[in-house]
Protein chains: 2
Amino acid sequence: MRVLSKATVYGLRALVYMASERERTGYVSIGEISERLNISFHFLTKTFQTLTQHGILESYRGPNGGVALTKPADQLFLTDIVHVLEGVDFFDKCLLGLPGCGTFAPCPVHDFWKAAKEAMKNEFDNTSLAELGEKVTDERFRLVA
Amino acid sequence: MRVLSKATVYGLRALVYMASERERTGYVSIGEISERLNISFHFLTKTFQTLTQHGILESYRGPNGGVALTKPADQLFLTDIVHVLEGVDFFDKCLLGLPGCGTFAPCPVHDFWKAAKEAMKNEFDNTSLAELGEKVTDERFRLVA
DNA sequence: TAGTTTTGGGACAAAATTGTCTTAAATATA
DNA sequence: TATATTTAAGACAATTTTGTCCCAAAACTA
Ligand code: SF4
Ligand code: SF4
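These numbers come from a predicted model, not from an experiment. (Residues numbered from 1 in each chain as written. Chains lettered and ligands numbered in written order. Predicted model: local features only at pLDDT ≥ 70, side-chain atom pairs only at ≥ 80, totals over all residues. Heavy atoms only, no water.)

Chemist: An account of the overall build of chain A is needed here, citing residue identities and associated values.
Modeler: What chain A contains, in helices and strands, is 6 helices and 2 strands. The secondary structure elements of chain A, listed N-terminal to C-terminal, are α-α-α-β-β-α-α-α. Across the 145 residues that make up chain A, the buried fraction comes to 48%. In chain A, once contacts between residues fewer than 6 apart in sequence are set aside, the share between residues at least 24 apart is 64%. Summed over its atoms, the accessible surface of chain A is roughly 7400 Å², and 49% of this surface lies on carbon and sulfur atoms. Positive and negative side-chain charges of chain A, numbering 16 and 18 respectively, have mean locations separated by a distance of 6 Å. (Helix = DSSP H or I, 4+ residues; strand = E, 2+ residues; numbered from the N terminus. Buried < 20%, exposed > 50% of the residue type's maximum accessible area, 1.4 Å probe, protein only. Contact = heavy atoms within 4.5 Å. Areas by Shrake-Rupley, 256 points an atom, 1.4 Å probe, with all protein chains shown as cover. Lys, Arg positive; Asp, Glu negative; His and termini not counted. Charge placed at Lys NZ, Arg CZ, Asp CG, Glu CD.)

And the structure:
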């Protein structure tokens, strides 16, 4: 059950880490994040470039450079990130993979899957990076093995 | 959002097709299924070999040969198939992919994901091939684009 | 027995995903 | 200006997934 690609998983973990560093101002370097979270630096860099190109992050080069969220963490939701990294059709994907689906000509698992997808979309729509970051800051949850 | 691999999707569609052919006795050839459902014959054959090796199907070679469900379709549940094709740890997979998870040291999305996984597992545990096959037989649902 | 049908098994190829590396560009600081 | 730091970009390799193909084995039919 691979819901998210590795690239998305790494990107999300990294963003939540950034959101968890509430006090910090300025840029956080990708090197720091990849070290703390044990993620390949180059792989994470590529994912972050995508996020930068799509307005989730802004970047700054040179000493003390790095990346920063373009908006306050409580205004960035999981759906925003997933749309960039997995595509805007993320929540339209089908369990049985039949093209051109809908309620008109559904497959036999449609009813269940529609509800499951909506629950997931609802959760992603309403969960902000700030919310997840707080859980980490408060030591109750972890981002790394 | 790729919950199931192509191999599993094809296998499931094919099994539901078999279940939908209520009246038929004897073996159904893989060639017929692959043609009707527009699935690569060789790819489906490999998936079916896995299912045969794990007791979901029994096969018979030669003219009028093919495959058949080893049990009545109402005794074969989605979980059974998914366990064979995706692994028995299918429902243990994590949204953020942290190893060694559990309730002790959860990641920040654990609460939601645990509930979502349980809902899915519950559905898969209780949905039989017969149930899905009936929906297809009754013309209300489709298996092919 | 010979020929046909069908699954079994494995080699192989193509494509997608994941991961690594090198070089360039931008920026800061000494 | 020279050097160090850091992201940008893209080439490249490794791995996994997906898909194709060939031939053998089993079973039926004539
Ligand atoms: S009918 Fe519904 S569940 Fe089935 S493949 Fe289409 S959208 Fe997905
Ligand atoms: S803590 Fe829960 S949701 Fe998070 S990775 Fe582990 S099992 Fe999955």
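Chemist: Give me the pairing of strand 2 (residues 66-69) of chain A: which residues, what numbers.
Modeler: Residue and element names in this part refer to chain A. On strand 2, burial covers both faces: Gly66 and Ala68 on one face and Val67 and Leu69 on the other are all buried. In the sheet, strand 1 (residues 57-60) pairs with strand 2 via 4 bridges, with the strands oriented antiparallel. Residue pairing across strands places Glu58 opposite Ala68, the latter belonging to strand 2. Hairpin remark: strand 1 followed by strand 2, antiparallel, with 5 residues in the connecting loop; positive phi at Gly62, about 90°. (Pairing = 2+ DSSP bridges.)

Chemist: Would you mind going over the protein's contact with DNA strand D in detail, with residue names and values included?
Modeler: In the vicinity of DNA strand D there are 25 residues, among which Ile30 and Ser59 of chain A together with Arg2, Tyr60 and Arg61 of chain B approach most closely. A share of 64% of the atoms of DNA strand D within 4 Å of the protein falls on sugar and phosphate groups. Contacts to DNA strand D include Gly62 of chain A, whose backbone N or O atom sits 3.2 Å from a sugar or linking oxygen. Separating a phosphate oxygen of DNA strand D from a backbone N or O atom of Lys6 of chain B is a distance of 3.1 Å. Those elements giving two or more residues to the surface near DNA strand D turn out to be helix 3 (41-53) and strand 1 of chain A together with helix 1 (6-20) and helix 3 (41-53) of chain B. The biggest single contributor to the surface near DNA strand D is helix 3 of chain A, with 4 residues. Residues belonging to the surface near DNA strand D are distributed by class as follows: 8 nonpolar, 11 polar and 6 charged. (Near = heavy atom within 4 Å. Polar contact = N/O pair within 3.5 Å; in protein donor to acceptor, adjacent residues only side chain to side chain. Nonpolar A, V, L, I, M, F, W, Y, C, P; charged D, E, K, R; others polar.)

Chemist: Help me get a handle on unusual backbone geometry, residues and values and all.
Modeler: Although it is not a glycine, Asn38 of chain A sits at a positive phi angle of roughly 60°. The backbone of Asn64 of chain B sits at a positive phi, close to 65°, despite the residue not being glycine. By secondary structure assignment, the location of Asn64 of chain B is in the loop between strand 1 (57-60) and strand 2 (66-69). You can call Asn64 of chain B exposed: its relative accessible area is 73%.

Chemist: Lay out the nonpolar core in plain terms, naming residues and giving numbers.
Modeler: Residues Val3, Phe48 and Leu129 of chain A together with Val3, Phe48 and Leu129 of chain B are the most contacted members of the largest nonpolar core, which totals 93 residues. Other than its neighbours up to four places away in sequence, Phe48 of chain A contacts Gly11, Ala14, Leu15, Met18, Ile30, Ile33, Leu57 and Val67 of chain A. (Core = buried A, V, L, I, M, F, W, Y, C linked by side-chain atoms within 4.5 Å.)

Worth remembering: the numbers are spatial, not functional.
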